[in-house]
Amino acid sequence: MGNDIILEATALSKAFRGFVAVDRVDLQVRRGSIHALIGPNGAGKTTCFNLLTKFLQPSAGRIRFNGTDITADAPAQVAQRGLVRSFQISAVFPHLSVLENVRVALQRKLGTSFHFWRPERSLQRLDARALELLDAVDLAPFARLPAVELSYGRKRALEIATTLAADPELLLLDEPTQGMGAEDVDRVRQLIRKVAANRTVLMVEHNMGVVGSLADTITVLQRGAKLAEGPYAEVSANPAVIEAYMGSSAATLQGAH
């Protein structure tokens, strides 16, 4: 694997009781890029994502991160290596402040998350870094607000901030704009572009407008297998991809950029 490839999957496969959900998928994610994994419903995107982050163990195939075989690693080991996932469902502590949410994530990174007896002032040294992370996702003005009071889009931004607290080299985003209105989608799109400035991003995303405006490379899955791969202009004009999406979805695919 060349130095420009940060994550590589070779012949990655997953079967559930005879049903092949992911079928010999080859994937190479280039360092410093935004790479999108797309496909119609049932294409195997989520299963593939779960394999790459080791929440599922592959039936066959290999996964390498920074040249190291991580096929047998547990999710926590993968995260420690610098491959960190942000979940589809926003996972924040609603009654902690925005700042406290990020501070908890920083404690986890330091291995002190269960030191409940530590005095409050010992945690305040983490506040400067927490505020830096909040500033990176445009949430610094909301630092003292309880997380429950944030809009849905800002909760997703907070979740990305807590993920960034783990200092990932490769950030994996699972449907980052799921269930959002146009204003929140645009906010999160800008946020992804911003956080991708100094790291690699791999995302599963259904919104073709987001994919078309952000992704350097797009991998299209259909029925668990890789159907096409390349830049947006090439993939969106591919007859096999258009057929896979069909009808209005195909029109959306071509008109998104």
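Our subject is the structure that appears above.
Here the structure is a predicted model, which means the values were calculated and not measured.

What counts, and where the lines are drawn
Residues numbered from 1 in each chain as written. Predicted model: local features only at pLDDT ≥ 70, side-chain atom pairs only at ≥ 80, totals over all residues. Heavy atoms only, no water. Helix = DSSP H or I, 4+ residues; strand = E, 2+ residues; numbered from the N terminus. Contact = heavy atoms within 4.5 Å. Areas by Shrake-Rupley, 256 points an atom, 1.4 Å probe, with all protein chains shown as cover. Pairing = 2+ DSSP bridges. Axes fitted to C-alpha atoms, helices over the stretch in contact; angles between N-to-C directions. Phe/Tyr/Trp six-rings, centres within 6.5 Å; stacked < 30°, edge-to-face > 60°. Lys NZ or Arg CZ within 6 Å of the ring centre and 35° of its normal. Expected span 1.5 Å × (residues − 1). Buried < 20%, exposed > 50% of the residue type's maximum accessible area, 1.4 Å probe, protein only. Arc of directions from axis to C-beta. Salt bridge = Lys/Arg side-chain N within 4 Å of Asp/Glu carboxyl O. Core = buried A, V, L, I, M, F, W, Y, C linked by side-chain atoms within 4.5 Å.

## What about the overall build of the chain?
Part 1: When helices and strands are counted, the chain shows 11 helices and 10 strands.
Part 2: A separation threshold of at least 6 residues defines the contact pool for the chain, and within that pool the share at least 24 residues apart is 65%.
Part 3: Surface summary for the chain: the accessible area is close to 12100 Å², and the carbon and sulfur share equals 51%.

## Quick look at the sheet that holds strand β3 (residues 34-38)
Part 1: As summarised here, the arrangement of the six strands in space is β6-β7-β8-β3-β9-β10, forming an open sheet in which the pairing is mixed. The open sheet has two free edges, formed respectively by β6 (83-86) and β10 (225-230), since each of these has just one partner strand. Direction aside, the axes of adjacent strands within the sheet are offset by 20 degrees on average.
Part 2: Pairing analysis gives four bridges linking β6 to strand β7 (residues 170-174), with the strands arranged parallel. If you follow R85 over to β7, its bridge partner there is L172.
Part 3: Of the strands in this sheet, β6 and β7 touch helix α6 (residues 152-164), which is tilted by about 160 degrees from β6.

## A word on the sheet that holds strand β2 (residues 19-30)
Part 1: If you walk across this open sheet you meet the four strands as β2-β1-β4-β5, and the pairing is antiparallel. Only two strands of the sheet have a single neighbouring strand rather than two, namely β2 and β5 (68-69).
Part 2: Sheet topology places strand β1 (residues 5-16) next to β2; eight bridges connect them, and they run antiparallel. Looking at the pairing, L7 lines up with V29 of β2.

## With respect to the packing of aromatic side chains
Part 1: Under the criterion given, the structure shown has zero aromatic pairs.
Part 2: The ring centre of F55 lies 5.3 Å from the NZ or CZ of R85, which sits over that ring.

## Here's the deal with helix α7 (residues 182-195)
Part 1: An ideal rise of 1.5 Å per residue puts 20 Å on 14 residues; α7 measures up with 20 Å between its terminal C-alpha atoms.
Part 2: By the burial criterion, the buried members of α7 are D184, V185, V188, R189, L191, I192 and V195. Across the axial projection of α7, the buried residues extend over an arc of 165 degrees, all falling on one side. Facing away from the buried side of α7 by more than 90 degrees, the exposed set consists of A182 and E183.

## As for the pattern of salt bridges
Part 1: According to the stated counting rule, one finds 14 salt bridges in the structure shown.
Part 2: Residues R129 and E132 are paired through a salt bridge, measuring 2.9 Å at the closest nitrogen-oxygen approach. Linking R129 with E132, this pair stays in helix α5 (residues 127-136), spanning three residues, or about one helical turn.
Part 3: Of the residues examined, R129 reaches a relative accessible area of 36% and is grouped as partly exposed.
Part 4: One salt bridge connects E229 with K226, and the closest N-O pair in it is separated by 3.6 Å.
Part 5: The exposure class of E229 is partly exposed, given its relative accessible area of 32%.

## Considerations on unusual backbone geometry
Part 1: Even without a glycine there, the phi angle at R24 is positive, about 50 degrees.
Part 2: Among the secondary structure elements, R24 is positioned in strand β2.
Part 3: On the accessibility criterion, R24 (60% relative accessible area) is exposed.
Part 4: Even without a glycine there, the phi angle at D167 is positive, about 55 degrees.
Part 5: Locating D167 in the fold gives a position in the loop between α6 and β7.

## Some remarks on the nonpolar core
Part 1: Formed by 47 residues in total, the largest nonpolar core has its most connected members in L134, L158, M203 and I218.
Part 2: Those residues in contact with I218 that lie beyond four places of it in its chain are A36, I38, V211, A228, E229, G230, Y232 and V235.
Part 3: Grouped together as the second largest cluster of nonpolar side chains are 24 residues, A9, V29, F65 and I70 included.

## Section: α5
Part 1: Among all positions in α5, only D127, A130, L133 and L134 are buried. Down the axis of α5, the buried set is contained in an arc of 120 degrees. They therefore lie on one face.
Part 2: Positioned one or two residues after α5, D138 has a phi angle of 60 degrees, which is positive.

## A short note on the pairing of β7
Part 1: Summarising burial for β7: five of the five residues are buried, a large majority.
Part 2: Of the two faces of β7, the one carrying L170, L172 and D174 and the one carrying L171 and L173 are both buried.
Part 3: Note: β7 against strand β8 (residues 200-204), five bridges, orientation parallel. In the strand pairing of β8, L170 is matched with T200.

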